[in-house]
Amino acid sequence: MSDFKFEKGKMVPVPSHSIIPERDIGKTPVLECNHLGIDFGGLRAVDDFNFTIGKTEIAGLIGPNGAGKTTVFNLLTKVYTPTRGTILLNGIDTSGKNTVQINKMGIARTFQNIRLFTNLTVEDNVKIGLHNSKKYSTIEGILRLPSYWKTEKAAHERAMELLSIFNMEHLASWRAGNLPYGAQRKLEIVRALATDPCLLLLDEPAAGMNPAETAELMENIVKIRDTFQIAVLLIEHDMKLVMGICEGICVLNFGQVIAKGTADDIRHNPTVIEAYLGKRGAE
Amino acid sequence: MGKRKISKNTRQSFITYGVVIAAYILLTVLASTGALSSTFKGLLVPVCAYIIAAISLNLTVGVLGELSLGHAGFMSVGAFSGATVAIALKDSVPSEWVRLLIAVIVGAFFAAIFGFIVGIPVLRLRGDYLAIVTLAFGEIIKTIVTNLYIGKDASGMHIGFLDGDILERGGKMILNGPNGISGITKISTFTSGFIIIMICLIIIFNLVNSRSGRAIMALRDNRIAAESVGINITKYKLMAFVISASMAGAAGALYALGQNTVTANKFDFNTSILILVFVVLGGLGNMLGSVISATVLYVLPETWLRQFSDYRMLIYAVVLIAVMLVTNNSKIRALVSRLIPGKNKDKEDEKNV
Ligand SMILES: Nc1ncnc2c1ncn2[C@@H]1O[C@H](COP(=O)(O)OP(=O)(O)O)[C@@H](O)[C@H]1O
Ligand SMILES: [Mg+2]
């Protein structure tokens, strides 16, 4: 609790419903959702969602299938416009912004159903992530002016550097759609990181991976957080992964937050156990 | 770039340039030795124009992934604006090369403006409205040109719509409604056609292998993912479509200035479909394929298969369907599913974010 700081002349209060790690306390939370909600027709897909993520926190969002987890990601990235509530990114209200602006403000994501640019190479997929950081105009590109060569070289080098996180440099010239499943998930993470986010959203990153791959992924998520000094919010069904690396965990059921806390809090929470067992019993 | 391996894309573009240059040299030599029949020589400029139309449509259909059924409309805009300018400048600009250059630029410019006007409302929408709107655009342009009169007399240029009585005594009609433009001085040459093809190929390949081109292909492959990495969808769709339209306009100007007479009927729905057939048979996104299929499919019915030319569209339709069945190409299938209402892929996509 040592580094309370005055930012831009005013102390930033940490909301009471937060569970952000000690090292982030006193800094503006990277994400703050207040009473966030959306209806699809009569269905309250997400309701009264309050959640705060610290600057360098790894947070988890769990819950049974259909609980509304992916919908939360779509709200954060403005794929859907929230019916209710506010989202603050680094203290800035994101209402009225669109998906592109949200990415420029610092949220990058992966998708539950992998969404790569399948006909393009792995390297091009990452370079597309660099679209807004390695820039030159269309005319410069068509005329192949010096800025084209210079920026393309920088983009190539950066793409290779990012691919090296998952040791994927040798796959650079592969067609993305031909990659094995696990590598496609990793490429999505690399592409998201290429946009230089401050908050990385991962939607079931370990889905379809074997235990060894999952273990490697866990290490890499921590490595990414440590090297990039960013926050990560992940949706995952693999409890070993969630309990292993998430500092704050939020449990959703039928669009409602039923529990929030550290891994230990969640593990022993009777409501959570019931939600999960109840679902398993029904299957 | 140093010792870096030449990428597949770069290799592909150089092969295309090579084939086009080789074909140009070969045909020029054959023509100078008198080995080409006059029918064949007469086809050289139109073939160049249709090659340009095909590669430009391939930019929209293959690279951008949008379906346009009115590409001949942009050719029409380029043809009539370019030919009008060329005729109007006949006395003041004596050099044929300069006049052709101006006409092609004017044709490309007007087609680009129409591309922008058509594209801006449609390409903002999610879904496949472009096919319908371009189809209507082609028909509208045809109707407008059929009823448009442009003439020149002592007091300058005059334009009339529906009414051809616009000139004082001694004036000269340039665009004469349903009779189109006649008495054109043929200033398009095979060499100028070749040069425009090369310029268009260089623009397309350099675009595709650049930041903007990657953005265009990204939104083709996955719109939602492209947005999630900060790509402005409307901007890049519009960019690709306007470039494509302007190249079709250049093709139209080149074509018109290689004919004695052009009428609006030349650029109808059948022509749009013909260009689309060139693109689909040549392979979506494959520029060399478009060049070859445009050449073969334009020349064959005009020469050796003359007796079958009445059945041209029928044969193309059958071949088109056969190609779809044989290749079972996912892109072609997507293209077909766009034409069949209720099979909207994009909507499906949206639900599974
Ligand atoms: N675009 C949509 N239209 C209607 N209902 C939707 C839409 N997106 C999600 N839903 C519904 O919202 C609920 C939550 O879905 P989702 O967020 O995908 O769950 P999960 O927690 O498994 O990721 C589900 O009942 C789903 O059917
Ligand atoms: Mg989900």
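The rules behind these values
In this convention, every chain numbers its residues from 1, walking through the sequence in written order. Ligands are numbered from 1 and chains lettered from A, in the order in which they are written. Totals for whole chains, interfaces and linings use all residues, but because this is a predicted model, local features are given only for residues with pLDDT of at least 70 and pairs of side-chain atoms are given and counted only at 80 or more. Excluded from the side-chain calculations are hydrogens and water; all other atoms, namely the structure's heavy atoms, are used. The donor set covers N, O and S atoms within 2.8 Å of the metal, switching to 3.2 Å for Na, K and Ca, and it leaves out water, so a site may look short of donors. Helix and strand assignments come from DSSP, with helices taken as H or I runs of at least 4 residues and strands as E runs of at least 2, each series counted from the N terminus. We call two residues in contact whenever any of their non-hydrogen atoms come within 4.5 Å of each other. By buried area we mean the combined loss of accessible area, with a 1.4 Å probe, across both parts when two parts are placed together. Salt bridges are counted wherever a side-chain nitrogen of Lys or Arg sits within 4 Å of a carboxyl oxygen of Asp or Glu. The criterion for a residue being near a molecule or strand is simple. One of its heavy atoms has to lie within 4 Å of it. Pairs of N or O atoms are called polar contacts if they sit within 3.5 Å, as long as, within protein, a hydrogen donor faces a hydrogen acceptor (for residues adjacent in sequence, only side-chain-to-side-chain pairs). Accessible areas in this description were obtained via Shrake-Rupley with a 1.4 Å probe; residue shielding takes into account the shown protein chains only. For a helix, the expected span equals 1.5 Å multiplied by the residue count minus one. For every residue, the accessible area obtained with a 1.4 Å probe (protein chains only) is divided by the maximum for its type, and the residue is called buried under 20%, exposed over 50%, and partly exposed between those limits. Only a pair of cysteine sulfur atoms within 2.5 Å qualifies as a disulfide here. A pair of aromatic rings is counted whenever rings of Phe, Tyr or Trp (Trp by its six-membered ring) have centres within 6.5 Å, and the orientation is called stacked for planes under 30 degrees apart, edge-to-face for over 60 and tilted otherwise. Any Lys NZ or Arg CZ that is within 6 Å of a ring centre and within 35 degrees of that ring's normal is treated as a charge sitting over the ring. Where each domain begins and ends follows an automated or database-derived domain assignment. Gly counts as polar in this scheme, as do all residues outside two lists: the nonpolar Ala, Val, Leu, Ile, Met, Phe, Trp, Tyr, Cys and Pro, and the charged Asp, Glu, Lys and Arg. We treat two strands as partners when DSSP finds at least two bridges between them. To get an axis, a line is fitted to the C-alpha atoms, and for a helix only the part in contact is used. The angle between two axes follows their N-to-C directions and goes from 0 to 180 degrees.

## Examining the coordination of the magnesium ion (ligand 2)
Right, so step 1: At this site the magnesium ion (ligand 2) is bound by Thr70 of chain A (OG1) and Gln112 of chain A (OE1), with donor distances of 2.0 to 2.1 Å. Remark: Gln112 of chain A occurs in the loop between strand 8 (107–109) and helix 3 (122–129) and Thr70 of chain A occurs in helix 1 (residues 69–76); sequence separation between them is 42 residues.

## Quick notes on the interface of chain A and chain B
Right, so step 1: At the interface, 37 residues of chain A touch 33 residues of chain B.
Right, so step 2: Between chain A and chain B lies a buried interface of about 3,100 Å² when both sides are counted; carbon and sulfur atoms form 56% of it.
Right, so step 3: Taken as a group, Arg115, His131 and Ile142 of chain A account for 23% of the area that chain A buries against chain B, more than any other trio of residues on that side.
Right, so step 4: For the pair chain A and chain B, the interface holds 1 salt bridge.

## Some points on the site of ligand 1
Residue and element names in this part refer to chain A.
Right, so step 1: The environment of ligand 1 is made up of Phe40, Leu43, Ala45, Pro64, Asn65, Gly66, Ala67, Gly68, Lys69, Thr70, Thr71 and Tyr80.
Right, so step 2: Residue Gly66 places a main-chain N or O atom 2.8 Å away from an oxygen atom belonging to ligand 1.
Right, so step 3: For ligand 1, an oxygen atom lies 3.2 Å from a polar atom in the backbone of Ala67.
Right, so step 4: Notes on ligand 1: free accessible area 560 Å², of which the protein chains cover 67%.
Right, so step 5: Every element with two or more residues in the shell around ligand 1 is listed here: strand 4 (43–53) and helix 1.

## Let's talk about helix 6 (residues 190–208) of chain B
Right, so step 1: With 19 residues, helix 6 of chain B extends 27 Å from end C-alpha to end C-alpha; this agrees with the ideal 27 Å at 1.5 Å per step.
Right, so step 2: Summarising burial for helix 6 of chain B: 14 of the 19 residues are buried, a large majority.

## Overview of the side chain of Thr151 of chain A
All names here are of chain A.
Right, so step 1: Examined against the element boundaries, Thr151 turns out to sit in helix 5 (residues 146–163).
Right, so step 2: Polar contacts involving the side chain of Thr151 include one to the main-chain carbonyl oxygen of Ser147, which spans 2.6 Å.
Right, so step 3: Each residue touching Thr151, except ones within four places of it in the same chain, is listed here: Lys134, Lys135 and Tyr136.

## Let's talk about helix 3 (residues 71–88) of chain B
One full turn of an α-helix is made of 3.6 residues, so residues set three or four places apart face in the same direction.
Right, so step 1: Taking 1.5 Å of rise per residue, 18 residues should cover 26 Å, and helix 3 of chain B covers 26 Å from first to last C-alpha, within 8% of that figure.
Right, so step 2: Among the 18 residues in helix 3 of chain B, 17 count as buried, and that is most of the element.

## So, the state of the cysteines
Right, so step 1: In total, this model carries 0 disulfides over all chains according to the counting rule given.
Right, so step 2: For the unlinked cysteine Cys48 of chain B, the closest cysteine sulfur is that of Cys200 of chain B, found at 11 Å.

## Looking at the environment of Ile235 of chain A
All names here are of chain A.
Right, so step 1: Along the polypeptide, Ile235 turns up in strand 10 (residues 231–235).
Right, so step 2: By relative accessible area, Ile235 is classed as buried at 0%.
Right, so step 3: Ile235 sits 48 residues away from Leu187 along the chain, and the two C-alpha atoms are 17 Å apart.
Right, so step 4: Apart from the residues lying within four places of it in its own chain, the contact partners of Ile235 are Leu61, Lys69, Thr70, Phe73, Leu202, Asp203, Glu204 and Pro205.

## Notes on the packing of aromatic side chains
Right, so step 1: What the rule picks out here adds up to 17 aromatic pairs over all chains.
Right, so step 2: Both rings, one in Tyr136 of chain A and one in Tyr148 of chain A, keep their centres 5.5 Å apart while their planes meet at 80°; by these two values the pair is edge-to-face. Taken together, the residues Tyr136 of chain A in the loop between helix 3 and helix 4 (138–142) and Tyr148 of chain A in helix 5 connect sequence positions 12 residues apart. As far as burial versus exposure is concerned, Tyr136 of chain A and Tyr148 of chain A are alike and both buried.
Right, so step 3: For the pair Tyr24 of chain B and Phe194 of chain B, a centre-to-centre distance of 4.0 Å together with 10° between the ring planes defines the contact as stacked. Note that Tyr24 of chain B is positioned in helix 1 (residues 8–32) and Phe194 of chain B in helix 6, a separation of 170 residues in sequence. For the pair formed by Tyr24 of chain B and Phe194 of chain B, the shared burial category is buried.
Right, so step 4: The positively charged end of Arg115 of chain A is found above the aromatic ring belonging to Phe111 of chain A, 5.6 Å away from the centroid.

## As for the domain arrangement of chain A
All names here are of chain A.
Right, so step 1: The assigned domain composition of chain A is domain 1 (1–106 + 197–211 + 232–283) and domain 2 (114–196).
Right, so step 2: Using only C-alpha atoms to locate each centre, domain 1 and domain 2 end up separated by 28 Å.
Right, so step 3: The interface is formed by 12 residues belonging to domain 1 together with 10 residues belonging to domain 2.
Right, so step 4: Considering only the surface of domain 1 that becomes buried against domain 2, Pro197, Leu200 and Met209 emerge as the three largest contributors, covering 49% of it.
Right, so step 5: Here domain 1 and domain 2 share 0 salt bridges between them.
Right, so step 6: For the pair domain 1 and domain 2, the number of links is 2 residue pairs in polar contact (both at pLDDT 80 or more).
Right, so step 7: Among the elements of the structure, helix 2 (99–105) and strand 9 (199–203) are those that each provide at least two residues to the side of domain 1 that touches domain 2.
Right, so step 8: For the side of domain 1 that touches domain 2, the residue count by class is 7 nonpolar, 2 polar and 3 charged.

## Focus on the sheet that holds strand 4 of chain A
Right, so step 1: Taking strand neighbours across the sheet as the criterion, the 4 strands line up as 4-3-6-7 (chain A) in an open arrangement whose pairing is antiparallel. On the outer flanks of this sheet lie strand 4 and strand 7 (92–93) of chain A, each paired with one strand and no other.

## A word on the sheet that holds strand 1 (residues 148–153) of chain B
Residues and elements named next belong to chain B.
Right, so step 1: Pairing within the open sheet is antiparallel, and its 3 strands lie in the order 2-1-3. Two strands close off the open sheet at either side, each with one partner strand: strand 2 (156–161) and strand 3 (172–176). With direction set aside, neighbouring strand axes in the sheet form an average angle of 20°.
Right, so step 2: Where strand 1 meets strand 3, 4 bridges bridge the pair, whose relative direction is antiparallel. The residue of strand 3 that forms the bridge with Lys152 is Lys172.
Right, so step 3: Sheet strands in contact with helix 3 are strand 1, strand 2 and strand 3, and its direction is about 170° off that of strand 3.

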